[in-house]
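Structural overview for review
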Amino acid sequence: MPDADRQRLLEAPGLLSRARYLLEMLVREQQLLELKNEIQSKVKKQLDEQQRDYFLQQQIRTIQEELGGDPVEKDLDEMREKAALKKWSKEVEEVFYKELSKIERMNPAVAEYSSVQLNYLQLMLELPWQECTKDNFDLKHAQRQLDADHFGMKEVKDRILEHLAVLKLKGDLKSPIICLYGPPGVGKTSLGKSVAEALNRKFGRISLGGLHDESEIRGHRKTYIGAMPGRVIQTIRRVGSSNPVIILDEIDKVGARSNHGDPSSALLEVLDPEQNSTFHDNYLDIEYDLSKVLFIATANDIGTISPTLRDRMEMINISGYILEDKVQIAKRHLLPKQLQAHGVPEKDFRLPPKMIEKIIAEYTRESGVRTLDKQIAKLVRHRAKNIAFGDSYKAELKAADIESILGVPRFSNNMYEGNDIPGVVTGLAWTEVGGDILYVESSLSHGKGRLSVTGNLGDVMKESATLALQWIKSNAAALNIPEEKLSGNDVHIHVPEGAIPKDGPSAGITMMTSLVSTFTGRRLREYIAMTGETTLRGRVLPVGGIKEKILAAKRAGIKEIILSEKNKKDILEIQPEYIKGLDFTYVKTNTDVLKRALL
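The residue numbering used here restarts from 1 in each chain and proceeds along that chain's sequence as written. Given that the model is predicted, a residue must reach a pLDDT of at least 70 before its local features are reported, and side-chain atom pairs must reach 80 or more before they are shown or counted; all residues, however, enter totals for whole chains, interfaces and linings. Hydrogens are left out, water is left out, and the side-chain values use all remaining heavy atoms of the structure.

1. Re the overall build of the chain
The helix and strand tally for the chain stands at 22 helices and 16 strands. For this measure, only C-alpha atoms enter the radius of gyration; the expected value for a globule follows 2.2 Å times N^0.38, where N is the number of residues. Taken over the C-alpha trace, the chain has a radius of gyration of 38 Å; the compact-globule value for 599 residues is 25 Å, which it surpasses by more than 25%. Structurally, the chain occupies a C-alpha span of about 135 × 75 × 55 Å along its principal axes. Burial classes: relative accessible area under 20% of the type maximum marks a residue as buried, over 50% as exposed, and values in between as partly exposed (1.4 Å probe, protein chains only). Residues classed as buried in the chain amount to 44% of the 599 residues present. Carbon and sulfur atoms make up 52% of the accessible area of the chain, which amounts to about 32000 Å² in all. Positive and negative charge centroids in the chain, built from 86 and 86 side chains respectively, lie 5 Å apart. Counting from the N terminus, the helices are the DSSP runs of H or I reaching at least four residues and the strands are the DSSP runs of E reaching at least two. Here the accessible surface of atoms and residues is derived via Shrake-Rupley with a 1.4 Å probe, and residues count as covered only by protein chains that are part of the display. Within this scheme the basic residues Lys and Arg register as positive and the acidic residues Asp and Glu register as negative, but His and the chain ends are omitted. The location of each charge is read from NZ of Lys, CZ of Arg, CG of Asp or CD of Glu.

Printed below as a string of structure tokens:
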């Protein structure tokens, strides 16, 4: 008993109080002893369990050694052997061996052992840190490869060959990011495979359509359950090379900013040649060099791509094919592919160029060749069925055969129909599947000068109609239109095919010409079409989608096109064979348009 407690007992005033103090001390001592015993028993139990686990593990290890070695030790030894052969920087090597020493100290029974640590080390070993395939610098071979796989696409092929030429001369080049944009089915994605074959590089594809989670690009932190590296690192691991060609498919369809971050912002680091040499993946947690990767992005509508992302890419437009191009593509690529896919011998199926033209004109309406490919596949399947059933048939298909297999022609209304009455003007439009022609009609009825527009038109197109009418009212005297005709009649503008939404400023001069034609009773010249934006001062401004519109006009049988003088540069970029047989009239003002268009 401590001296202080003894002194307290001696000083107690009487036996009763002394007994109380003593009892208090005894109770305290008893509680301390109970607590001490409890702790000792717990410690003993834990030590017993650890000794038991250790004893069992030692037994398992001994049994495994008898059967042929410890698999855990084997895995770690294999990792050390692979690590010794890896070409990686000192920093990466230090991180690897640090993580390896961590896993050596871990109990293999722990959940983190295989789900986190082992997976991370395997990823580090499987990534091709500084392993690159040797580029094929035979430019003639590359040109032959690109020409064999894809018909046309001169601008894209020239850009690829320029990149190769610089790479050959300099030996090293930060790969540019190319973005191929255009309507569906023109061969944007398949071009990536051809580029990879031409360069003798590995090929990978990342589909970005509908992606809404930033971690799909950057990966998750490895501490999370089910963590994975991002799609870019996964693709590089799969192809096994640090300089592959990677297609970023449908970059315009990346999801918008959400609770899971903004994936298009995460792509900024991937697609910036100045930044992607130190790309940071959250799972890998070490900088990875993407500067040797040749990224090729594809898109249908560049309007939906964020401006900062668009700024980092070199935009190359792949517009639609003309009829002659499609015939050649069908003969050289689509038909042989479908015959092989369906096991039909070439001698048993012949499709003359005239019949291919019929399929294109009457069964497809597209800029690319995807629907054409499906229609050819349908014809080949029908022939395969004839062969399998032993039916009699002629190898060469006629027009009647095509109609019996594919049904009644679906499209025949996009041809020029004539401007027989005043107020009907042919315009040119851009759509997602290429160009098309449209008609603008206008009429007058007794009223108070009100304007009404129909045909499922957007706000911009309605504004164009208002602008056109206002310009006509301001210049009525010069146009020989009586004032009472303007104020005493209601004006109605209609754009046929009312079920299809239409918008944009391109129909400005078309609507203006239609209204002047209606007010003056003057008809339009035959086989003439126009596109251009108009202003309140009567100036004609340039518009986009010129190549697609020109192709549509040529398909429809138009012979002359009126467009803004500032669109002349777009015409000069089009190959001469595409615009053969077309005349172009370049205008600055609405007056120039009317002089040329109206009889």
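2. Observations regarding the sheet that holds strand E2 (residues 203-207)
Across the sheet, five strands lie side by side as E2-E3-E6-E1-E7; this open sheet has parallel pairing. Here the strands that pair on one side only, and so sit at the sheet edges, are E2 and strand E7 (314-317). When strand polarity is set aside, the average angle formed by the axes of neighbouring strands in this sheet is 25 degrees. Here a strand pair is declared whenever DSSP counts at least two bridges between the two strands. Looking at chain direction, strand E1 (residues 178-181) and E7 are connected through four bridges and run parallel. When the sheet's bridge partners are listed, Leu 180 is paired in E7 with Ile 316. Angular values range over 0 to 180 degrees, each being the angle between N-to-C directions of two axes fitted as lines to C-alpha atoms, with helices fitted over their stretch in contact.

3. So, the packing of helix H6 (residues 139-149) against helix H7 (residues 154-170)
Closest axis-to-axis distance for the H6/H7 pair is 10 Å, and the angle between their directions is 160 degrees. Of the possible angle classes, the one that applies to H6 and H7 is roughly antiparallel. When you trace H6 past H7, the crossing you get is right-handed. On H7, the residues that touch Leu 139, Ala 142, Gln 143, Leu 146 and Asp 147 of H6 are Lys 157, Ile 160, Leu 161, Leu 164 and Ala 165. Amino acid classes used here: Ala, Val, Leu, Ile, Met, Phe, Trp, Tyr, Cys and Pro are nonpolar; Asp, Glu, Lys and Arg are charged; the rest, including Gly, are polar. Among the residues making up the contact of H6 with H7, the classes are represented as seven nonpolar, one polar and two charged. Note on angle classes: values under 35 degrees are labelled roughly parallel, values over 145 roughly antiparallel, values of 65 to 115 roughly perpendicular, and the remainder oblique. Two helices cross in a left-handed way if the nearer one is turned anticlockwise from the farther one by less than a right angle. They cross in a right-handed way if the turn is clockwise. Residues count as neighbours in contact if any of their non-hydrogen atoms are within 4.5 Å of one another.

4. Looking at the pattern of salt bridges
We define a salt bridge as a side-chain nitrogen of Lys or Arg found within 4 Å of a carboxyl oxygen belonging to Asp or Glu. Tallied over the full model, the rule gives 32 salt bridges. Residues Arg 201 and Asp 135 are paired through a salt bridge, measuring 2.8 Å at the closest nitrogen-oxygen approach. Taken together, the residues span a long stretch of sequence, with Arg 201 in the loop between helix H8 (188-199) and E2 and Asp 135 in the loop between helix H5 (111-126) and H6 at a distance of 66 residues. Here Asp 135 falls in the buried class, since its relative accessible area comes to 14%. A salt bridge links Arg 159 to Glu 162; the nearest nitrogen and oxygen atoms lie 4.0 Å apart. Note that Arg 159 and Glu 162 are positioned in helix H7 at a spacing of three residues, about one turn of the helix. Since its relative accessible area comes to 16%, Arg 159 is described here as buried. Take Glu 162: its relative accessible area is 47%, and that puts it in the partly exposed class.

5. Observations regarding the side chain of Ser 241
Within the element layout of this structure, Ser 241 appears in the loop between helix H10 (231-239) and strand E3 (245-249). Of the polar contacts made by the side chain of Ser 241, one reaches the side chain of Asn 243; its length is 2.7 Å. Among residues more than four places away in sequence, those in contact with Ser 241 are Pro 128, Glu 131, Cys 132, Thr 133, Lys 202 and Ile 236. Pairs of N or O atoms are called polar contacts if they sit within 3.5 Å, as long as, within protein, a hydrogen donor faces a hydrogen acceptor (for residues adjacent in sequence, only side-chain-to-side-chain pairs).

6. A closer look at the nonpolar core
In this structure, Ile 251, Leu 271 and Phe 295 are the most contacted members of the largest nonpolar core, which totals 50 residues. Sorting the residues of this core by element identifies helix H3 (71-85), helix H4 (90-105), H5, H10, E3, helix H11 (263-270) and strand E6 (294-299) as the ones contributing at least two each. If you tally residues by element for this core, the top one is H5, at seven residues. Residue contacts for Leu 271: discarding those within four places in its chain leaves Ile 177, Leu 248, Ile 251, Phe 295, Leu 309, Arg 312 and Met 313. In plain words, nonpolar cores are sets of buried Ala, Val, Leu, Ile, Met, Phe, Trp, Tyr and Cys residues tied together by side-chain atoms within 4.5 Å.

7. Describing unusual backbone geometry
When glycine is set aside, most residues are seen to have a negative phi, and most peptide bonds are trans. Positioned with a positive phi, Glu 250 is a non-glycine residue whose angle comes to about 55 degrees. If you trace the backbone, Glu 250 turns up in the loop between E3 and H11. Not every positive phi belongs to a glycine, and Asn 456 is a case in point at roughly 60 degrees. Its place among the elements puts Asn 456 in the loop between strand E10 (451-454) and helix H17 (459-474). For Asn 456, a relative accessible area of 38% translates into the label partly exposed.

8. Observations regarding the packing of aromatic side chains
Between the rings of Phe, Tyr and Trp (Trp by its six-membered ring), a pair exists once the centres lie within 6.5 Å; its type follows the angle of the planes, with under 30 degrees stacked, over 60 edge-to-face, and the other angles tilted. Under the counting rule described, the total for this entry stands at five aromatic pairs. Here the aromatic rings of Trp 88 and Phe 96 are separated by 5.2 Å at their centres, their planes lie at 45 degrees, and the arrangement is tilted. We note that Trp 88, like Phe 96, is buried. The aromatic ring of Tyr 120 is capped on one face by Lys 222, whose charged end is 4.3 Å from the ring centroid. A ring is scored as having a charge over it whenever the NZ atom of a lysine or the CZ atom of an arginine sits within 6 Å of its centre and within 35 degrees of its normal. Across the ring face of Tyr 527, the terminal group of Lys 559 is positioned such that the distance to the ring centre comes to 4.5 Å.

9. Focus on the environment of Glu 346
Counting through the fold element by element, Glu 346 comes out in the loop between helix H13 (323-342) and helix H14 (353-363). Distance in space between the C-alpha atoms of Glu 346 and Ala 395 is 9.0 Å, their sequence separation being 49 residues.

10. Regarding the side chain of Thr 585
With respect to the element layout, Thr 585 can be found in strand E16 (residues 583-587). A polar atom in the side chain of Thr 585 sits 2.7 Å from the side chain of Glu 560. Not counting residues up to four positions away in its chain, the partners in contact with Thr 585 are Glu 560, Ile 561, Ile 562, Leu 563 and Arg 596.

11. Focus on the environment of Leu 199
Relative to the assigned elements, Leu 199 resides in helix H8. Sequence-wise, Leu 199 and Glu 34 are 165 residues apart; in three dimensions their C-alpha atoms are separated by 80 Å. Sequence-distant contacts of Leu 199, that is, excluding residues within four places in its chain, are made with Lys 134, Asp 135, Asn 136, Leu 164, Val 245 and Leu 294.

12. A short note on a negative patch on the surface
Like charges are joined within 9 Å and nonpolar side chains (Val, Leu, Ile, Met, Phe, Trp, Tyr) within 5 Å, but only among residues with over 30% relative accessible area and no salt bridge; these make up the patches. Negative charge collects at one region of the surface, where Glu 91, Glu 93, Glu 94 and Glu 287 lie side by side. A total of three residues in the negative patch trace back to one element, the largest contributor, which is H4. Inspection of the secondary structure puts Glu 93 in helix H4.

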